[in-house]
Amino acid sequence: MPDIISTDHPLPRDQRRILAALLDTLVPASDDGAMPSAAEVDFDGYLRDQAPDFVPHLVGMLQHFESAFVDSTPPERHAHVRAFSVTHPPLFQLLL
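Description of the structure in this document. (Residues numbered from 1 in each chain as written. Predicted model: local features only at pLDDT ≥ 70, side-chain atom pairs only at ≥ 80, totals over all residues. Heavy atoms only, no water.)

## Structural notes on the packing of helix α1 (residues 13–26) against helix α3 (residues 55–62)
Argument step 1. Across the interface, α1 lies against α3 with an axial gap of 10 Å and an inter-helix angle of 85°. Judged on the interaxial angle alone, α3 and α1 are roughly perpendicular. Here Gln 15, Ile 18, Leu 19 and Leu 22 of α1 come into contact with α3, specifically with Leu 58, Val 59, Met 61 and Leu 62.
Argument step 2. Along the lines of polarity and charge, the residues of the contact of α1 with α3 split into seven nonpolar, one polar and no charged. (Axes fitted to C-alpha atoms, helices over the stretch in contact; angles between N-to-C directions. Helix = DSSP H or I, 4+ residues; strand = E, 2+ residues; numbered from the N terminus. Parallel < 35°, antiparallel > 145°, perpendicular 65-115°, else oblique. Contact = heavy atoms within 4.5 Å. Nonpolar A, V, L, I, M, F, W, Y, C, P; charged D, E, K, R; others polar.)

If you want it as structure tokens, here you go:
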């Protein structure tokens, strides 16, 4: 029987990778490294402690991003996020 790793994370691994890329696109780290990107802060903890009702919205939002988004260049990511913000403004505003 394979080992099962338990987690209380509300998102599956693929969606966590997309979320990290999305957060890094929205708020990248500073060039000098003094400020981390949004992907480097405890967003998961914030979701669990402060915004559990947002998780279903986040899951729906992340379904609009394919796994290839993670490996896209920053300009490609920005274009995709910009297009998402235009086609799904209420969801985008919830994220912000």
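## Focus on the nonpolar core
Argument step 1. Core analysis: the biggest nonpolar cluster contains 23 residues, and Leu 22, Leu 58, Met 61 and Phe 65 have the highest contact counts within it.
Argument step 2. At the level of elements, α1, α2 (43–50), α3, α4 (74–87) and α5 (89–95) are the ones that each hand at least two residues to this core.
Argument step 3. The biggest single contributor to this core is α1, with five residues.
Argument step 4. Those residues within four positions of Met 61 in sequence are excluded, and the remaining contacts are Leu 22, Phe 54, Phe 84, Leu 91 and Leu 95. (Core = buried A, V, L, I, M, F, W, Y, C linked by side-chain atoms within 4.5 Å. Buried < 20%, exposed > 50% of the residue type's maximum accessible area, 1.4 Å probe, protein only.)

## Notes on the pattern of salt bridges
Argument step 1. Going through the model one piece at a time under the given rule, you end up with one salt bridge.
Argument step 2. Between Asp 24 and Arg 77 there is a salt bridge, with the nearest N and O atoms lying 3.9 Å from each other. With Asp 24 in helix α1 and Arg 77 in helix α4, this pair connects stretches of sequence that are 53 residues apart. (Salt bridge = Lys/Arg side-chain N within 4 Å of Asp/Glu carboxyl O.)

## Focus on α2
Argument step 1. Every buried residue of α2 is accounted for by Phe 43, Gly 45 and Leu 47.
Argument step 2. On its buried side, α2 packs onto α1 and α3.
Argument step 3. Of the residues that open α2, the one with a side-chain oxygen 2.9 Å from the backbone nitrogen of Gly 45 is Asp 42. (Polar contact = N/O pair within 3.5 Å; in protein donor to acceptor, adjacent residues only side chain to side chain.)

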